[in-house]
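The lines below spell out each chain.
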Amino acid sequence: MPAAVLAGLGASLPTRVVDNDELSSRLDTSDEWIRTRTGIASRRVADPDVSTVDLAVEAGERALASSGDRRVDAVVLATSTADQLCPASAPQVASRLGCGGAAAFDVNAVCSGFVYGLATAAGLIAGGIARRVLVVGADTFTRMLDPDDRGTVPIFGDGAGAVVLRAGSADEPGAIGPFDLHSEGELADLLIVRAGGAKERFSGNRADYYLDMKGTAVFRHACARMAESSLTVLERAGWSVSDVDRFVGHQANIRILQSTAKHLGLPADAVVANIGHTGNTSAASIPLAFADAVRDGTLVPGQRVLVSAFGAGLTWGSTVLRWPDVTPAG
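Residues numbered from 1 in each chain as written. Predicted model: local features only at pLDDT ≥ 70, side-chain atom pairs only at ≥ 80, totals over all residues. Heavy atoms only, no water.

A.B. asks: Help me get a handle on the overall build of the protein chain, residues and values and all.
C.D. replies: Secondary structure assignment for the protein chain yields nine helices and 13 strands. Computed over its C-alpha atoms, the radius of gyration of the protein chain comes to 18 Å, within 12% of the 20 Å expected for a compact globule of 330 residues. Overall, the C-alpha framework of the protein chain stretches about 50 × 45 × 35 Å when taken along its three principal axes. Taking all 330 residues of the protein chain together, the buried fraction comes to 56%. Total accessible area computed for the protein chain in this model is approximately 13200 Å², and 50% of it derives from carbon and sulfur atoms. In the protein chain, 29 side chains carry a positive charge and 37 a negative one; their mean positions are 1 Å apart. (Helix = DSSP H or I, 4+ residues; strand = E, 2+ residues; numbered from the N terminus. Rg over C-alpha atoms; globule rule 2.2 N^0.38 Å. Buried < 20%, exposed > 50% of the residue type's maximum accessible area, 1.4 Å probe, protein only. Areas by Shrake-Rupley, 256 points an atom, 1.4 Å probe, with all protein chains shown as cover. Lys, Arg positive; Asp, Glu negative; His and termini not counted. Charge placed at Lys NZ, Arg CZ, Asp CG, Glu CD.)

Shown next, in the form of structure tokens:
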């Protein structure tokens, strides 16, 4: 079976920067409080006329340019903030990229969405359904937040990141896999937007339309699940923890990244983190971290990379790859 090989990388962030001082001017918080608890100094927020699809198209365009080949057989969009409840946003992304006719669909696993999207694309390639797949993680999660909630507003930002996967061999740089994926739906209430869907289309309670997050419980589960999943996927890959050069986890909170790395026995300098200037961009966070790490030299060809994510659902998952010689665009 062919393996999925990372062949292109692109990123897109909104132009508007919101730093902690701006939030402190209207919320009961401070720059020190936010930094010490999350590691975030600023985040990007999309202007009202910029949608999830807009960011996804820009990141996808840059990933295609990075790959040197615009042809794709499928577009997988990982997002929990699609432009509409119906239809899915991926076909619009494909059409605007000139990939009309390709298979296109959304994957909603929230902050785990990009890892789920990679696994889905790898399955399409392994099954012979596609030779080249564009995987985009894009979210405008700031629009799901109560603007007066100091527990969520400082954490999230908007953005998009994308990769092109092509069919190749499992022993070449950039080959992704194996994977480890999980969910635990009975804990859905830990991270939830209750209203707006088919179960409760309309609600008389304003708070039901915003993200409700049980932060302490989420922190505990995120650290434990990401560590467990990471160890599982390393075993499947035949790697030991000491083989890992870089750990790229979902950028939810710097303390989650550090705690997970410590639990695994990874050195602090193995952790890739860009959350300080992006915030938690949900499904976009891992490809955005890839792009930043390549630009600053943290990720270089040949390194063994462990990838892990945790999000609402609850969902979580991990994968591995040897980093290829790829240059991000954007």
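A.B. asks: Pulling in residues and values, what's your account of empty space enclosed by the protein?
C.D. replies: In the structure shown here, the tally under the stated rule is one cavity of 30 Å³ or more. When its volume is computed, the largest cavity comes out at roughly 40 Å³. Every residue lining the largest cavity is listed: Leu6, Phe114, Leu118, Val163, Ile176, Phe290, Val307, Thr319 and Leu321. Those elements that provide at least two residues to the lining of the largest cavity are α5 (113–126) and β13 (315–322). (1 Å grid on protein atoms, 1.4 Å probe; cavity = no way out; pocket = protein on both sides within 12 Å on 5 of 7 lines; lining within 4 Å. Points joined across faces, edges and corners; volume = space filled by probe spheres on them.)

A.B. asks: Tell me about the sheet that holds strand β12 (residues 304–311), and name the residues and values.
C.D. replies: Taken in spatial order, the nine strands make up an open sheet running β5-β4-β6-β7-β1-β8-β13-β12-β11, and their pairing is mixed. Because the sheet does not close on itself, it has two edges, and the strands there are β5 (103–107) and β11 (246–249). Strand after strand, the sheet turns through a mean of 25° between neighbouring axes, direction not considered. Bridging between β12 and β13 involves eight bridges; their strand directions are antiparallel. Bridging across to β13, Ser308 finds its partner in Ser318. Here helix α9 (residues 285–295) sits on the sheet in contact with β1 (3–12), β7 (158–168), β11 and β12, set at roughly 80° to β1. (Pairing = 2+ DSSP bridges. Axes fitted to C-alpha atoms, helices over the stretch in contact; angles between N-to-C directions. Contact = heavy atoms within 4.5 Å.)

A.B. asks: Tell me about the pattern of salt bridges, residues and numbers included.
C.D. replies: Tallied over the entire structure, the rule returns 15 salt bridges. Residue Lys214 pairs with Asp212 through a salt bridge whose shortest N-O separation is 2.9 Å. When its relative accessible area of 24% is taken as the criterion, Asp212 is described as partly exposed. (Salt bridge = Lys/Arg side-chain N within 4 Å of Asp/Glu carboxyl O.)

A.B. asks: How would you sum up the state of the cysteines? Please name residues and give values.
C.D. replies: Counted according to the given criterion, the structure contains zero disulfides. Free cysteine Cys223: the closest other cysteine sulfur is in Cys111, separated by 14 Å. According to the relative accessible area criterion, Cys223 is buried, its value standing at 9%. (Disulfide = S-S within 2.5 Å.)

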